[in-house]
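Observations on the three-dimensional arrangement
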Amino acid sequence: MSVSRHENDSEESLIEAFETTLSIRPSTTDYYDEINDISIDHTVLPDTTINDTRDLSSTVGIEELEENERISEQIPKFKTKRRYSLLPRITEFKKIGSPGLEEYYIQQKLDPKYDEILRPSLLIDEKLIKYHHTFSDFISSNPHISRESPRFQFDSEKTLVILSPYSSEHSFGRKWVTKTYLSTIFERPQRLLATCIGVASAITMYPFYYKLINSTKRSSIFSSHVRKIHGRNWPKKLFELCLESHEKLNNDELEVPQDWNTGDIYLTPKTINAIEGVIGTIETAVDALFKVTPITGTTSTTGIAETVQAPAPASGKAATATASSTSSTSSSSSTKTTTTTTTAATTATTATTSTSSNGSLSSNYNENNTTSHRRKNHNLAFVVIRPPGHHSHACLPSGFCLLNNVQIGIEYAFEKYGVTHCAILDIDLHHGDGSQDICWERAGFTGDYGQQEEDEIIDPKLNPRDDYGKRFATYPKVGYFSLHDIKSYPTELGFATKENIRNASTCIMDHDLNIWNVHLQAWNNEDEFYKHYQTKYVAILNRANQFLNNCKKQYEEENQEYLAQLAKYNKMISTKPHLSAELEKPTPPPCYKPLIIISAGFDASEYENPQMQRHGINVPTSFYSTFTQDVVKLAKLQTNGKVISFLEGGYSDGALTTGVFSHLIGLTNDDGLLWNHTWGSEQVVKELIKGCKKNWTPYKNPKTDITIWANEVIKLGRSMMPNCILPANYIYKDQSQENNREGMVRTQEIDRDGKFRVVNKMVKDIMDTKGGIGILESPKSRKDEGLNDRADGHRVTRHTRSYYKRV
Ligand SMILES: [Zn+2]
């Protein structure tokens, strides 16, 4: 790879070199003058001279940084056994058994007190109406795209992008904090907007390689697949804290326990909506890959607001069909207590186990999938969810993560579809200590912050521990393979412990553990970076390959053994039928059904904020496409091409827009689609991050290829999730108190139940499809309102410098 980075490329030559795969013409939408935006920008471009889009007045000054550091040093250190302080006392718990939890939960949700508080934002565009309009406009302005782009008949050929509109419901709610403090909240709802602009970038390049849907499914935090990962107590504790946060935030009190890292973890009642949406979206993604759907008719039970976005080539018009199902709170199968180890796997998979004499794998793990079914299922999916999950241990929230999303997804895939093996490939800047810890638990050991015996939903009698604390490994078998910066959280100097450094450096492929950790290295140019990639980083792919190969081999051996025994049994039965009552029929081994999951964090990007990425260790934007393409190749070898990628970290607008763009170029079924290095250039980043500002307006007369393209990309991206177009200093506020806010033009509309409800102008603009796709009109700035430090000197933990607090 002979890509020279930054230094030799003048702005002009890059603009000239910028190529879209299809020349893109401006769409017909009206343009507005560009105006200044007060948003705080987390992206830092290497060359500050072109970084003129930043509002310097709102960045954090040295003095403030020092002040913050001084304050953070005064914060008392955590107690070492902080895990126990997170959990309700056991006696408390025992009053409420597992079925009781579900009842408790439903009861709480029905409490009229919470009805108004938990009502989702009116800005949620469930059916992606605004997006479909914008996409149609884009296509009709560019009829050559319809003519020239390849089309795909089957979903199996398209990459599914799943948005989770409820994810933006999780936002910071401490209204008393300073603006400076707010600027240090990295994990914001607006990350979704930057991600959407990254998605839109890929869609404009290859419009028909992707299918975009919203998942409006909401699933219970007490679902069995959540409780298998997190035990009984943590979901309950989290749920209660969210509900209680309403009163606490209104009283200007801290809503999370004092001994938590209060700078990273925040909650509001609406965090419940986000979590339920995340769990529902995870399920939607797994369903999209494995659900056996009828050959005719549209998917209707998965909570998918589905769209067919390919316009009919003959008419040249965008045919946009939508079908959606209502959002529902699934109570799922949480009262079901299928438990433990191999028996559960056998139950889940016996039905699909092949008894064919050749014992071939392919016939086995596709047993339930006819060719037509396979074509209807997607193979590749990218899931846009937040908060992220990979730091979350079974019973400890950490580093913005409340629940471990990927492990929940794997558990759901196992429970529902008998997926027995999964390789997690984690490319976030930070080590996914939570995901790895849960792998130790799956291998039969006690997790560092894992479930205690009384916390577990499995019966320890069925799978007791030996004298050294190990028991049989349980299904699904999960391998964890991570590439990360060993200097960053959780092993940041000053916070690092012997244990967490060891954890983030563990390499083992035995004792039911399949864990491989590789540390990122510094680089000066892309040649050097790709030398690291080819010699060191590729180890995580090789080890994942080894893990899946071993599992496949083991299955094959067990299956051969089974088939031999079965043949023997059948022979005995036919020759000596009188013995049939005494002979035990051999049981088939658990079916081999593998999956690859990517923990897709983009905070290792060259465009991440240095406050997040403090050690100068990063990856070029092209890495995301190269690596992803290699994962897809691995999946074709190992998992019938099945890969689900979940959004983890990535906090600056620049890192997210370009990282997601590059990742999605790699996440197609087509290894001929190559990433063009000019797509990750500073000029492109500079344009895309403008689109992440609340008050963005398109260029009136875009002249260069980049600005014409960026106009279209940003319009598309912003249309995907209007509910995350928020000011960077957005703070959650109780809706019932919002009604009389200044600057909110309110009208009344009749809702489905025939009642009047108040709708603000912003919502009306989105919902009024006849009004075209005009930009959202913003309420007046809430500048500095309620953001001052409290007079009583009560200050909350700040994490400006020490992004994560000592555990
Ligand atoms: Zn991270």
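Residues numbered from 1 in each chain as written. Predicted model: local features only at pLDDT ≥ 70, side-chain atom pairs only at ≥ 80, totals over all residues.

The chain appears in an unreviewed UniProt entry as HOS3 from Candida oxycetoniae.

A count of helical and extended segments in the chain gives 26 helices and 15 strands. Relative to its 807 residues, the chain shows a buried fraction of 49%. Nonlocal contacts in the chain, meaning residues at least 24 apart in sequence, comprise 82% of its contacts between residues at least 6 apart. (Helix = DSSP H or I, 4+ residues; strand = E, 2+ residues; numbered from the N terminus. Buried ≥ 20, exposed ≤ 12 C-beta atoms within 10 Å, placed from the backbone. Contact = placed C-beta atoms within 7 Å.)

The terminal C-alpha atoms of helix α17 (residues 405–417), which comprises 13 residues, lie 17 Å apart, in line with the 18 Å expected from a rise of 1.5 Å per residue. Among the 13 residues that make up α17, 12 are buried, leaving the element largely enclosed by the rest of the structure. Along α17, the residues that are buried comprise Asn 405, Val 406, Gln 407, Ile 408, Gly 409, Ile 410, Glu 411, Tyr 412, Ala 413, Phe 414, Glu 415 and Tyr 417. Once α17 ends, the next one or two residues include Gly 418, with phi positive near 65 degrees. (Expected span 1.5 Å × (residues − 1).)

Moving on to the nonpolar core. Residues Ala 381, Val 383, Leu 425 and Ile 597 are the most contacted members of the largest nonpolar core, which totals 162 residues. The element that contributes the greatest number of residues to this core is helix α13 (residues 271–290), accounting for 11 residues. Once residues within four sequence positions are removed from consideration, Ala 381 is found in contact with Leu 160, Ile 162, Ala 285, Ala 288, Leu 289, Ile 644 and Ser 645. (Core = buried A, V, L, I, M, F, W, Y, C linked by C-beta atoms within 7 Å.)

Right, let's talk about the UniProt feature "coiled-coil region" (unreviewed entry) in the chain for a bit. Here the UniProt-annotated "coiled-coil region" (unreviewed entry) positions come out as residues 538–572. Segment residues 538–572 splits into 97% helix and 0% strand. End C-alpha atoms: 51 Å apart. (UniProt positions renumbered as here; feature names shortened; annotations may be inferred.)

Further remarks concern helix α21 (residues 539–575). Taking 1.5 Å of rise per residue, 37 residues should cover 54 Å, and α21 covers 53 Å from first to last C-alpha, within 8% of that figure. Those residues of α21 not exposed but buried are Ile 540, Leu 541, Arg 543, Ala 544, Phe 547, Leu 548, Cys 551, Tyr 555 and Asn 559.

Note that strand β10 (residues 507–510) and strand β11 (residues 513–519) share four bridges and pair antiparallel. Bridging across to β11, Asp 510 finds its partner in Leu 513. Following β10, the chain reverses through two residues before pairing antiparallel with β11; His 511 in that reversal takes a positive phi of roughly 55 degrees. (Pairing = 2+ DSSP bridges.)

Attention now goes to the packing of helix α10 (residues 190–205) against helix α25 (residues 705–720). One way to put it is that α10 packs onto α25 with a least axis distance of 8 Å and a crossing angle of 125 degrees. Our classification of the angle between α10 and α25 gives oblique. The two elements α10 and α25 meet at a crossing, and its hand is right-handed. Contacts from Leu 193, Cys 196, Ile 197, Val 199, Ala 200, Ser 201, Ile 203 and Thr 204 in α10 reach Trp 709, Glu 712, Val 713, Ile 714, Leu 716, Gly 717, Arg 718 and Met 720 in α25. When its residues are assigned to classes, the contact of α10 with α25 shows 11 nonpolar, three polar and two charged. (Axes fitted to C-alpha atoms, helices over the stretch in contact; angles between N-to-C directions. Parallel < 35°, antiparallel > 145°, perpendicular 65-115°, else oblique. Left-handed = near helix turned anticlockwise from the far one by under 90°. Nonpolar A, V, L, I, M, F, W, Y, C, P; charged D, E, K, R; others polar.)

Another point: unusual backbone geometry. Here the amide bond leading from Tyr 475 into Pro 476 is cis, since omega sits at 0 degrees, within 30 degrees of zero. Inspection of the secondary structure assignment puts Pro 476 in the loop between α18 (433–442) and β9 (477–484). Of the consecutive residues Tyr 489 and Pro 490, the connecting peptide bond is found in the cis state with omega at 0 degrees. With respect to the helices, strands and loops of the structure, Pro 490 is situated in the loop between β9 and α19 (498–503). Unusually for a residue other than glycine, Phe 400 sits at a positive phi of about 75 degrees.

Of all the eight residues making up β9, eight are buried; the element is thus mostly covered by neighbouring parts of the structure. A two-sided burial pattern is seen for β9, the buried positions comprising Lys 477, Gly 479, Phe 481 and Leu 483 on one face and Val 478, Tyr 480, Ser 482 and His 484 on the other. Judged from the six bridges that link them, strand β8 (residues 421–426) and β9 form a sheet pairing that is parallel. Bridge assignment links Leu 425 to a residue of β9, and that residue is Phe 481. Taken together, the five bridges between β9 and β11 define a ladder with parallel strand orientation. Counted as the bridge partner of Ser 482 is Asn 517 from β11.

Right, let's talk about the environment of Ser 219 for a bit. Along the chain, the position of Ser 219 falls in strand β3 (residues 218–219). In this structure, the C-alpha to C-alpha distance between Ser 219 and Glu 283, residues 64 residues apart in sequence, is 8.5 Å.

Moving on to the packing of helix α23 (residues 653–666) against helix α24 (residues 682–690). Following both chains from N to C, one finds α23 and α24 inclined at 110 degrees, their axes separated by 9 Å at the closest point. Classified by the angle their axes make, α23 and α24 are roughly perpendicular. Of the two elements, α23 crosses α24, and the hand of that crossing is right-handed. Every residue of α24 that contacts α23 at Asp 653, Gly 654, Thr 657 and Thr 658 is listed here: Val 684, Val 685, Leu 688 and Ile 689.

Here the focus is the environment of Ile 203. With respect to the secondary-structure elements, Ile 203 resides in helix α10. Looking at Ile 203, the number of C-beta atoms within 10 Å reads 26, which means it is buried. With near-sequence residues (within four places) excluded, Ile 203 lies in contact with Tyr 210 and Leu 716.

For the rest of this paragraph, the subject is the confidence of the model for the chain. Averaged over every residue, the pLDDT of the chain is 76; the share at 70 or more is 69%. This stretch, residues 30–40, has a pLDDT under 50; its non-local contacts, to residues over four places away or in other chains, come to 28 contacts. (pLDDT = per-residue confidence, 0-100.)

Our next topic: the environment of Glu 126. Within the secondary structure, Glu 126 is located in the loop between α6 (112–115) and α7 (129–141). Once the C-alpha coordinates of Glu 126 and Ser 215 are considered, the two residues, 89 residues apart in sequence, prove to be 8.1 Å apart.

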